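Descriptive structure summary
Chain residues, written in single-letter form:
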Amino acid sequence: MKPYDIIHQSSIKRLPQKTTATAFAPTNIALIKYWGKRDASLNLPMTDSLSLTLPHHGTQTTLTCIDAADDRVLLNDKPVATNTPFYLKLVDFINLFRHSTERFLINTYNNIPTSAGLASSASGFAALTLALNDIYAWQLERRMLSMFSRFGSGSACRSFWEGFVLWQKGSHPYGLDSYGVPLELNFPSVKMGFQLIQSTEKSISSRDAMNITTRTSPLYAAWSDTVTLHLRQMKEALINQDFERLGEVAEHNALAMHATMQAAWPSICYALPETWVQMAKVRDLRKTGLLIFFTQDAGPNLKFIFQEKDQEKVKAHFPEMIMT
Ligand code: DP6
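Figured I'd write up the structure that's included with this text.

Conventions adopted
- Residue positions are given per chain, counted from 1 along the sequence in the order it is written.
- Only residues with pLDDT of at least 70 get local features here, since the model is predicted, and only at 80 or more are side-chain atom pairs given and counted; chain-wide, interface and lining totals rely on the full set of residues.
- The basis for every side-chain value is the complete set of non-hydrogen atoms in the structure, without hydrogens or water.
- Helix numbers and strand numbers start at the N terminus; a helix is a DSSP run of H or I with at least 4 residues, a strand a run of E with at least 2.
- In this treatment the radius of gyration is a C-alpha quantity, and the globule benchmark scales as 2.2 Å times the residue count to the 0.38 power.
- Summary of the burial criterion: residues with accessible area below 20% of their type's maximum are buried, those above 50% are exposed, and those between are partly exposed, where the area comes from a 1.4 Å probe applied to protein chains only.
- Contacts are residue-level and defined by heavy atoms, with any inter-residue pair within 4.5 Å sufficient.
- All accessible-area figures derive from a Shrake-Rupley calculation using a 1.4 Å probe, and residue coverage is judged against the displayed protein chains alone.
- Charged residues are defined here as Lys and Arg on the positive side and Asp and Glu on the negative side; His and the ends of the chain fall outside this count.
- A charge is said to be at NZ when it belongs to Lys, at CZ for Arg, at CG for Asp and at CD for Glu.
- In these notes, a set of buried Ala, Val, Leu, Ile, Met, Phe, Trp, Tyr and Cys residues joined through side-chain atoms within 4.5 Å is what counts as a nonpolar core.
- When at least one non-hydrogen atom of a residue lies within 4 Å of a molecule or strand, that residue is treated as near it.
- Polar contacts, as counted here, are pairs of nitrogen or oxygen atoms within 3.5 Å of one another; within protein the pair requires one atom able to donate a hydrogen and one able to accept it, and residues that are adjacent in sequence qualify only if both atoms are side-chain atoms.
- The residue classification treats Ala, Val, Leu, Ile, Met, Phe, Trp, Tyr, Cys and Pro as nonpolar and Asp, Glu, Lys and Arg as charged. All others, Gly included, are polar.
- Pairing of aromatic side chains here covers Phe, Tyr and the six-membered ring of Trp, requires ring centres within 6.5 Å, and sorts the geometry by plane angle: under 30 degrees stacked, over 60 edge-to-face, intermediate tilted.
- By definition here, charges over rings are those cases where NZ of Lys or CZ of Arg is within 6 Å of the ring centre and within 35 degrees of the ring normal.
- Note on pairing: two strands pair once DSSP finds at least 2 bridges between them.
- Axis definition: a line fitted to C-alpha atoms, limited for helices to the stretch in contact. Angles are taken between N-to-C directions and run from 0 to 180 degrees.

**Digging into the overall build of the protein chain**
- Along the backbone of the protein chain there are 9 helices and 13 strands.
- The C-alpha radius of gyration computed for the protein chain amounts to 19 Å, which stays within 12% of the reference 20 Å derived for 324 residues, consistent with globular compactness.
- Counting only C-alpha atoms and orienting by the principal axes, one finds that the protein chain spans roughly 60 × 40 × 40 Å.
- Considering the protein chain as a whole, with its 324 residues, one finds that 53% of them fall into the buried category.
- Contacts in the protein chain between residues far apart in sequence, at least 24 positions, make up 75% of those at least 6 positions apart.
- When the accessible surface of the protein chain is summed, it comes to about 14,100 Å², and 52% of that surface belongs to carbon and sulfur atoms.
- Between the centroid of the 32 positive side chains of the protein chain and the centroid of its 29 negative side chains there is a distance of 2 Å.

Given below as structure tokens:
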């Protein structure tokens, strides 16, 4: 079963019901990471993952019907060439849902750097799915949209809700139960900041890096049990409102993911020298009593995790940090 077959069966194929539609989706940062797929064509994960939504950072996408032979894509007002991976990924995704010859101008704005490990593809595919839902008037519930967005990028399925969201890996062979689920757990004092170390495109896409890791890393066999343990610890920390535990588990999970990919062959290392310097600074600050932790995704940049009451102190130590 391929994504196209699943969408075909859901009987949503129809012509656009309006000429333009706009949607915004926030980005999300995983505290317990998704790394590795049990089905690459359906983007089905090996494990559950858990994220925090950053409501003010994300992607706004406008779809407009155009009279043209091909779709046109604008990213932050700049035309995207039709032979780039970015263009092809968007158009392949829309092809899953397109009824016939309708073509779109896809105007997409990110207020976070694209492809720098800051989860722009998560908000990008979530926003595109919401805009498609609107222009085709599918009127689908968010759970279904979350599942569809997964075909574009796995982490997108967690971007449909605020707060803490669990992407349940599900057990259905075609992933019909693999989507985001908002957790009824609130911890409003948890804050995140982006520490930009490099804002250009990452050296290797998370998709390729995941595939190399699952195929070749001798440490990957331990990843699933590691995630199960970290998820249990993270949920306990959330229930107990235990910030220190939350930070420790998130940092440990990110380090375990990066160690697993460094053990792959060819080895994947997203960190730059400056990434290590900033990590050491975070650890040193912790020794002084400031509760600050980091997490890292598929890029050299770090996300800092701290409490609202410490925001000013953290900003003083990291003046370049972008608050979320
Ligand atoms: C490190 O969702 O970008 O950010 O499903 O192949 O598009 P694809 O991968 P993607 O991977 C995200 C990886 C991560 C961890 C996470 O967000 O859980």
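**Some words on the nonpolar core**
- Judged by nonpolar contacts, the single largest core of 41 residues is most densely connected at Leu 31, Trp 35, Leu 50, Met 234, Leu 246 and Ile 305.
- For this core, the secondary structure elements donating two or more residues are β1 (20–32), β4 (49–66), β8 (164–167), β10 (190–195), α5 (206–216), α6 (223–239) and α7 (243–262).
- Per-element tally for this core: the top contributor is α7, with 7 residues.
- Setting aside residues up to four positions removed in sequence, Trp 35 forms contacts with Ser 206, Ala 209, Met 210, Thr 213, Tyr 220, Trp 223, Met 257, Met 261, Tyr 270 and Ala 298.

**Some thoughts on the site of the ligand**
- Neighbouring residues of the ligand: 17 residues in total, closest Tyr 34, Lys 37, Ser 153, Gly 154 and Ser 155.
- At 2.7 Å from an oxygen atom of the ligand is found a side-chain nitrogen or oxygen belonging to Ser 153.
- In the model, an oxygen atom of the ligand is placed 2.6 Å from a nitrogen or oxygen of the Ser 155 side chain.
- Against a free-state accessible area of 460 Å², the protein chains account for coverage of 94% of the ligand.
- Residues belonging to the shell around the ligand are distributed by class as follows: 6 nonpolar, 6 polar and 5 charged.

**With respect to the packing of aromatic side chains**
- A full pass over the atoms with the stated rule returns 12 aromatic pairs.
- Ring centres of Tyr 136 and Trp 138 lie 5.7 Å apart, and the angle between their planes is 5 degrees; this geometry places the pair in the stacked category.
- Exposure remark for Tyr 136: the relative accessible area of 0% places this residue in the buried category.
- Lying over the aromatic face of Phe 318, Lys 281 brings its terminal NZ or CZ to 4.4 Å of the ring centre.

**Considering the sheet that holds strand β13 (residues 322–323)**
- Strand order in the open sheet formed by 4 strands is β11-β12-β10-β13, with antiparallel pairing between adjacent strands. In this open sheet, the two strands that pair with only one neighbour each are β11 (293–296) and β13.
- Inspection of the sheet shows β10 paired to strand β12 (residues 302–307) by 6 bridges, in the antiparallel sense. The residue bridging Gly 193 from the neighbouring strand is Phe 304, located in β12.
- Strands in contact with helix α8 (residues 273–287) are β10, β11 and β12; relative to β11, the strand with the most contacts, it is inclined by about 155 degrees.

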